[in-house]
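Close look at the chain arrangement
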Amino acid sequence: MNPEKDFAPLTPNIVRALNDKLYEKRKVAALEIEKLVREFVAQNNTVQIKHVIQTLSQEFALSQHPHSRKGGLIGLAACSIALGKDSGLYLKELIEPVLTCFNDADSRLRYYACEALYNIVKVARGAVLPHFNVLFDGLSKLAADPDPNVKSGSELLDRLLKDIVTESNKFDLVGFIPLLRERIYSNNQYARQFIISWILVLESVPDINLLDYLPEILDGLFQILGDNGKEIRKMCEVVLGEFLKEIKKNPSSVKFAEMANILVIHCQTTDDLIQLTAMCWMREFIQLAGRVMLPYSSGILTAVLPCLAYDDRKKSIKEVANVCNQSLMKLVTPEDDEPDEPKPAVQKQAEPNPDDSLAKQEGTASGGPDGSCDSTFSSGIGVFTPAGTERAPVTLHLDGIVQVLNCHLSDMAIGMMTRIAVLKWLYHLYIKTPRKMFRHTDSLFPILLQTLSDESDEVILKDLEVLAEIASSPAGQMDDPGPLDGPDLRVSHSELQVPTPGRAGLLKTPGTKGLECSPSTPTMNSYFYKFMINLLKRFSSERKLLEVRGGFIIRSAPAAAGCEEQPVPDQGPVRPAHAAAPEQRLPAALPPAPVRAQPRAAADRRRSEGSPQVTESRLPEHRLRRAAAAL
């Protein structure tokens, strides 16, 4: 620093003391500056006050010499003390050079900067709030400072600033949120602790409604929840818990749709605490928001279904996932089967993108108790009614849901409980939205037939229920059964050849080449015909399936279709294909009279759930047995 330079109104003694390496001499100079500024305040000489502050900033605090910078910091603090309540008029000039010193390489200088800013803020109090963002930004960096003295000084300044924010009603939350959203993704342990502490403070202030901006920071909070430090994880749990309590108290003001995909992502993490917390939030969202969550069903199912197969090591996650699954299923009603016109929701939300909610469709888990749900429960979920909000459209994106279900059912590594839950979902969708579901039946039919080879009896039973519903649904009625799906299933009606002499009794004449009950009869639709043809073909091509599972499938099919088997007259043994055939045909093996079965369950379900009634398709056990035996 040039000693010949004029620093008026600072005297040469003050300038010399500010540049001294000893703290005591710099402190004496600060007292002189305080006395000088008080005189200017008494004279209302703002020009000289600004000149003193500018000189201390440019010539000292921002100097290249470290001792000069230290002198400038203590001098600026002295100016603030002398100005008192008038310091708010000069805060920008006082704060900026101090914050610049926060980045100094010298740890002692960073400490003196904390000390100087503490004195400035303590005098100005609420007047510093317009400069809160720059103060917060500087403090967030010092919170991770490696020097313990600097960190201690920043903590004192941090507590002072929190007290000011808490007692003030002029805090600019809107202007602060972008900075908070940026800083919340810091990976530094101390910076994360600093962020969480501030969120806790802001959440506790009655005049600050942080819930409105929760979508901006929720993802970052879940990131912090995965921190390695137990203390930070605990603090983050507390913050999330407080937010969830407030959501339950004021659901009408919550932006559920904007946070749905965030929860979907974190429900699929490998961290148990994050996954459990996110799943608990998802449970509350589904139960509170109701049909607002429907557009995100595919993503929710992607996250929830694999959890249903967890073992007892993740029992808590599995139980919460099961509740989510059940609650989401209740939201699907027969109204969703109407033409694609938007349904009113209970809360206005941003228009969702179904592609966003369809997260990665893979999850491999195995074993565990049954986490599935009953598809016949009522659809009544208590949801909030927002005050003064416009109703917004909500549409069930069935394409994404079916894609997820198909993906999980096709994955042979997926757990048994997940497969059962998928089949229950398919059955529930065919009951509630049969018309729309039949658009996807051609793509689902092959995998449903393939599932008959599953190792689990319960999976096969649920699979047969779905197939029976498909075969008996009025939505599946059409004149032409159409080509069968899948490389192994695209066969014409005449390709399935059942050997004589039983052939005439099992199949119709060669002109029709169909089973006795044609697809046009009112008791079945074309998929009944497809099911019979493909089932017999699978028995024919997969002898092991016929030997191991054939009897079980044949016995279970009538029950799945809701039919009570009636006694069948003894018609003698069915001859194998290689046996010598007598001249006469089997005596009325399959008479054209109506099938002797009592349809009950499926029709009753449709009546109870508001779906159209139709005469049920019959899957008589004795016919399946004879057809299989003839193979």
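Residues numbered from 1 in each chain as written. Predicted model: local features only at pLDDT ≥ 70, side-chain atom pairs only at ≥ 80, totals over all residues. Heavy atoms only, no water.

Some thoughts on the overall build of the protein
Of the regular secondary structure elements, the protein holds 28 helices and four strands. Out of the 631 residues belonging to the protein, those deemed buried represent 54%. Just so you have it, the protein exposes about 28300 Å², and 50% of that area is on carbon and sulfur atoms. (Helix = DSSP H or I, 4+ residues; strand = E, 2+ residues; numbered from the N terminus. Buried < 20%, exposed > 50% of the residue type's maximum accessible area, 1.4 Å probe, protein only. Areas by Shrake-Rupley, 256 points an atom, 1.4 Å probe, with all protein chains shown as cover.)

As for the nonpolar core
Core analysis: the biggest nonpolar cluster contains 174 residues, and Leu-221 and Trp-281 have the highest contact counts within it. Sequence-distant contacts of Leu-221, defined by excluding residues within four places in its chain, comprise Ile-184, Ile-196, Ile-199, Leu-214, Cys-236, Val-239, Leu-240 and Phe-243. (Core = buried A, V, L, I, M, F, W, Y, C linked by side-chain atoms within 4.5 Å. Contact = heavy atoms within 4.5 Å.)

Some words on the pattern of salt bridges
Using the criterion set out here, one finds 23 salt bridges in the structure. The residue Arg-183 makes a salt bridge to Glu-182 at a minimum N-O spacing of 3.0 Å. A salt bridge links Arg-233 to Asp-271, with the nearest nitrogen and oxygen atoms 3.5 Å apart. Of the two residues, Arg-233 sits in helix α12 (residues 230–249) while Asp-271 sits in the loop between α13 (256–266) and α14 (272–289), which places them 38 residues apart along the sequence. The exposure class of Arg-233 is buried, given its relative accessible area of 18%. (Salt bridge = Lys/Arg side-chain N within 4 Å of Asp/Glu carboxyl O.)

Some details on the packing of helix α8 (residues 148–167) against helix α10 (residues 189–204)
Close contact between α8 and α10 brings their axes to 11 Å; oriented N to C, the two are set at 20°. In terms of their interaxial angle, α8 and α10 are classed as roughly parallel. The handedness of the crossing between α8 and α10 comes out as right-handed. Where α8 abuts α10, its residues Lys-151, Asp-158, Leu-161, Lys-162, Val-165 and Thr-166 lie against Tyr-190, Phe-194, Ser-197, Trp-198, Val-201 and Leu-202. Within the contact of α8 with α10, the residues separate by chemical class into seven nonpolar, two polar and three charged. (Axes fitted to C-alpha atoms, helices over the stretch in contact; angles between N-to-C directions. Parallel < 35°, antiparallel > 145°, perpendicular 65-115°, else oblique. Left-handed = near helix turned anticlockwise from the far one by under 90°. Nonpolar A, V, L, I, M, F, W, Y, C, P; charged D, E, K, R; others polar.)

Some thoughts on unusual backbone geometry
The omega torsion across Ala-8 and Pro-9 is 15°, close enough to zero to call that bond cis. Here Pro-9 shows up in the segment before α1 (12–18). In the Ramachandran plot, Asn-44 falls in the positive-phi region, its phi being about 55° despite a non-glycine side chain. In this structure, Asn-44 sits in the loop between α2 (23–42) and α3 (46–61). On the accessibility criterion, Asn-44 (62% relative accessible area) is exposed. The residue Arg-125 is not glycine, and still its phi comes out positive at about 55°.

Describing the packing of aromatic side chains
The description of two aromatic rings rests on the distance between their centres and on the angle between their planes. This structure, assessed with the given rule, holds 15 aromatic pairs. Taken together, a centroid distance of 4.9 Å and an interplanar angle of 85° make the contact between Phe-256 and Phe-285 edge-to-face. Remark: Phe-285 occurs in helix α14 and Phe-256 occurs in helix α13; sequence separation between them is 29 residues. Across this residue pair, the class does not change: Phe-256 and Phe-285 are buried. Taken together, the ring pairs connect Phe-132, Phe-136, Phe-171, Phe-176, Phe-194 and Trp-198 into an aromatic cluster. Arg-26 extends its terminal NZ or CZ atom over the ring of Tyr-112, reaching a point 5.7 Å from the ring centre. Sitting over the face of the ring of Tyr-310, Lys-314 holds its NZ or CZ atom 4.8 Å from the ring centroid. (Phe/Tyr/Trp six-rings, centres within 6.5 Å; stacked < 30°, edge-to-face > 60°. Lys NZ or Arg CZ within 6 Å of the ring centre and 35° of its normal.)

With respect to the side chain of Ser-87
Positionally, Ser-87 belongs in the loop between α4 (66–83) and α5 (91–100). For Ser-87, the residues in contact, after removing those within four places along its chain, are Ser-80, Leu-94, Val-123 and Ala-124.

Considering the environment of Val-205
With respect to the secondary-structure elements, Val-205 resides in the loop between α10 and α11 (214–225). Separated by 36 residues in the primary sequence, Val-205 and Asn-169 place their C-alpha atoms 9.2 Å from one another.

Remarks on the confidence of the model for the protein
Looking at the protein, the pLDDT average stands at 78 and 71% of residues meet or exceed 70. Here residues 345–391 scores under 50 on pLDDT; set against residues more than four positions off or in separate chains, the count is 135 contacts. In this model, residues 564–603 is a region of pLDDT below 50 whose contacts with residues beyond four sequence positions or in other chains number 56 contacts. (pLDDT = per-residue confidence, 0-100.)

Quick notes on α14
In a regular helix each residue adds 1.5 Å, so 18 residues correspond to 26 Å; α14 covers 25 Å between its end C-alpha atoms and thus fits that length. Where burial is concerned, most of α14 is hidden: 14 out of the 18 residues are buried. The N-terminus of α14 is capped by Asp-271, whose side-chain oxygen sits 3.0 Å from the backbone nitrogen of Leu-273. Looking one or two residues past α14, Gly-290 carries a phi angle of roughly 65°, positive in sign. (Expected span 1.5 Å × (residues − 1). Polar contact = N/O pair within 3.5 Å; in protein donor to acceptor, adjacent residues only side chain to side chain.)

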